[in-house]
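The residues making up each chain are set out below.
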Amino acid sequence: MELNFDDKVVVITGAGRGIGRTIAERFAEFGAILILSDYNQESLTDVSSYFTEKQYSFKAIPCDVTNKDQVNQLLEQTIEYFGKIDVLINNAGITRDTLLIRMKDDQWDAVLNTNLKGVFLTTRAAAKHFMKQRFGKIINISSVVGITGNAGQVNYSASKAGVIGFSKSVAQELASRNVTVNVIAPGFIETEMTQVLSESVKENFINKIPLKRAGTPKDVANTAIFLASPLADYITGQVVKVDGGMVM
Ligand code: NAD
């Protein structure tokens, strides 16, 4: 079976750079129509230029996932432009790392609002369209630290664990409408988010990875392609780790 996403409408949050951008590019390579969204206008312009150059089908819609009105608009505009949504990928995420005793309320709130409430807002806005269509694939990007925890990331790991519980619940609510909801939990992936880590921290991570390398955004994107394809029609409520075997 040859994979193609011709005429499939794929909405991606945080598509301006890193894993989100690579997921968007990968879907475009397979023929999908992309709704690229990000709150960073500069990176959205950047990815839009690349998509235009490649002659991919897309619309760029600025959207801060913590803003309910912008999120609702993102989904309304998607339907207005293309009449449907086939795949929603909740990828936007941030870190504000520090130890619990030093953590400020605003560091907690920012991470929970973006990584967890953002996923709730977009999924809720998309759900009514998915239910009406009786088709849909939702893929939420969590993290292995949502499963294992991580010192210095109490806010981030709580938000990512929240995404897993949220996704399993939505999977149960929407299954009868032929909508699947799955989670990708990446391990250590080379992006601008992880570039800020020191060489020794990176080395320490890689030593714990059985496959002995950091993951690439493409490793994550390929998993998203699989989960959004008909090959994964019977998979819902699952968490797929893309981590080189770091967490077994
Ligand atoms: P990144 O920082 O390179 O990219 C994140 C993107 O999300 C950026 O374009 C940013 O502008 C956007 N964004 C942030 N807040 C937003 C908001 N409120 N509204 C809209 N867009 C917003 O990060 P990345 O490494 O590509 O991570 C992507 C996802 O993968 C995140 O959810 C992250 O938590 C998760 N993840 C990453 C790693 C890793 O090792 N890089 C590991 C596990 C999970």
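Above this text you will find the structure in question.
Only a predicted model underlies this, so the values are computations on that prediction, with no experimental measurement involved.

Visitor: Which parts of the structure should I look at to understand the overall build of the protein?
Guide: Each helix and strand counted, the protein has 9 helices and 7 strands in total. The C-alpha radius of gyration of the protein comes to 17 Å, within 12% of the 18 Å expected for a compact globule of 248 residues. Over its C-alpha atoms, taken along the principal directions, the protein stretches across nearly 45 × 40 × 35 Å. The buried share among the 248 residues of the protein stands at 49%. A sequence separation of at least 24 residues applies to 72% of the contacts in the protein between residues at least 6 apart.

Visitor: What is the right way to look at the pairing of strand 1 (residues 9-13) in this model?
Guide: Put simply, side chains in a regular strand alternate between the two faces of the sheet. Most of strand 1 is tucked away, with 5 of its 5 residues classed as buried. The side-chain alternation of strand 1 yields two buried faces, one formed by Val 9, Val 11 and Thr 13 and the other by Val 10 and Ile 12. Pairing analysis gives 5 bridges linking strand 1 to strand 2 (residues 33-38), with the strands arranged parallel. Bridging across to strand 2, Val 11 finds its partner in Ile 35. Handedness of the β-α-β unit built from strand 1, helix 1 (residues 18-29) and strand 2 comes out right-handed. Pairing analysis gives 3 bridges linking strand 1 to strand 4 (residues 87-90), with the strands arranged parallel. Bridge pairing in strand 4 links Val 11 to Leu 88.

Visitor: Just checking my understanding: could you explain the site of the ligand for this structure?
Guide: Residues in close proximity to the ligand total 28 residues, the closest being Arg 17, Asp 38, Asn 91, Tyr 156 and Thr 191. The side chain of Asp 38 places a nitrogen or oxygen atom 2.6 Å from an oxygen atom of the ligand. Taking 830 Å² as the accessible area of the ligand by itself, protein coverage stands at 96%. The cavity that encloses the ligand is the largest pocket. Among the secondary structure elements, those contributing two or more residues to the shell around the ligand are helix 1, helix 6 (154-174) and helix 7 (192-195). Considered class by class, the residues forming the shell around the ligand number 12 nonpolar, 12 polar and 4 charged.

Visitor: Just checking my understanding: could you explain the nonpolar core for this structure?
Guide: In summary, soluble globular proteins display a tendency toward joint burial of nonpolar side chains. One finds Ile 23, Phe 27, Leu 34 and Ile 89 to be the most contacted residues of the largest nonpolar core, which totals 30 residues. Elements with a contribution of two residues or more to this core: strand 1, helix 1, strand 2, helix 2 (41-53), strand 4, strand 5 (136-141) and helix 9 (217-228). Not counting chain neighbours up to four residues away, the residues in contact with Ile 89 comprise Val 10, Val 11, Ile 12, Thr 13, Ile 23, Phe 27, Ile 139, Ile 141 and Ala 224. Membership of the second largest hydrophobic core comes to 25 residues, among which are Ile 35, Val 71, Ala 125 and Leu 174.

Visitor: Quick question: what am I supposed to make of the layout of surface pockets here?
Guide: Over the atoms rolls a probe the size of a water molecule, and its path tells where empty space is left. Estimated volume of the largest pocket: approximately 1,300 Å³. Lining the largest pocket are 49 residues, and of these Gly 93, Thr 95, Tyr 156, Thr 191 and Met 193 sit closest to its centre. Elements with a contribution of two residues or more to the lining of the largest pocket: helix 1, helix 5 (145-148), helix 6, helix 7 and helix 8 (199-207). Here the lining of the largest pocket is composed, by residue class, of 21 nonpolar, 20 polar and 8 charged.

Visitor: What is the right way to look at the sheet that holds strand 6 (residues 179-186) in this model?
Guide: Read from one edge to the other, the open sheet built from 7 strands follows the order 3-2-1-4-5-6-7, with strand pairing classed as parallel. Single-partner strands in this sheet number two, and they are strand 3 (58-62) and strand 7 (239-242). Pairwise comparison of adjacent strand axes, ignoring direction, gives a mean angle of 15° for this sheet. Here 6 bridges tie strand 5 to strand 6, and the two strands are oriented parallel to one another. Bridge assignment links Asn 140 to a residue of strand 6, and that residue is Val 183.

Calculation notes
Here the residue numbers are simple positions, counted from 1 along each chain's written sequence. Only residues with pLDDT of at least 70 get local features here, since the model is predicted, and only at 80 or more are side-chain atom pairs given and counted; chain-wide, interface and lining totals rely on the full set of residues. In computing side-chain values, all of the structure's heavy atoms are included and hydrogens and water are not. Each helix is a run of H or I in the DSSP string that is no shorter than four residues. Each strand is a run of E no shorter than two, and both are numbered from the N terminus. For a compact globule the rule gives 2.2 Å times the number of residues to the power 0.38, and the radius of gyration it is set against comes from C-alpha atoms. Working definition: with a 1.4 Å probe on protein chains only, accessible area under 20% of the residue-type maximum means buried, over 50% means exposed, and in between means partly exposed. Note on contacts: a residue pair is in contact if any heavy atoms of the two residues lie within 4.5 Å. Whether two strands pair comes down to DSSP finding at least two bridges between them. Think of it like this: strands point away, you trace from the first strand over the helix to the second, and a clockwise trace means the crossover is right-handed. It suffices for a single heavy atom of a residue to lie within 4 Å of a molecule or strand for the residue to be listed as near it. Nitrogen and oxygen atoms within 3.5 Å of one another constitute a polar contact, given that in protein one can donate a hydrogen and the other can accept it, and given that sequence-neighbouring residues count only through two side-chain atoms. With residues, only the protein chains shown are counted as cover, and all accessible areas are computed by Shrake-Rupley using a 1.4 Å probe. Only protein atoms enter the 1 Å grid, on which a cavity is a set of points fitting a 1.4 Å probe that cannot get out and a pocket is an open set with protein on both sides within 12 Å along at least 5 of 7 lines, lining residues being those with an atom within 4 Å of a point. To be counted as sitting in a cavity or pocket, a molecule needs more than half of its atoms within 2 Å of that site's grid points. Here the term charged refers only to Asp, Glu, Lys and Arg, the term nonpolar to Ala, Val, Leu, Ile, Met, Phe, Trp, Tyr, Cys and Pro, and the term polar to all other amino acids, Gly among them. Definition of nonpolar core: a set of buried residues of the types Ala, Val, Leu, Ile, Met, Phe, Trp, Tyr and Cys, connected through side-chain atoms within 4.5 Å. Grid points are joined across faces, edges and corners, and a volume is the space filled by probe spheres set on the points. Note on geometry: axes are C-alpha line fits, over the in-contact stretch for helices, and angles between N-to-C directions span 0 to 180 degrees.

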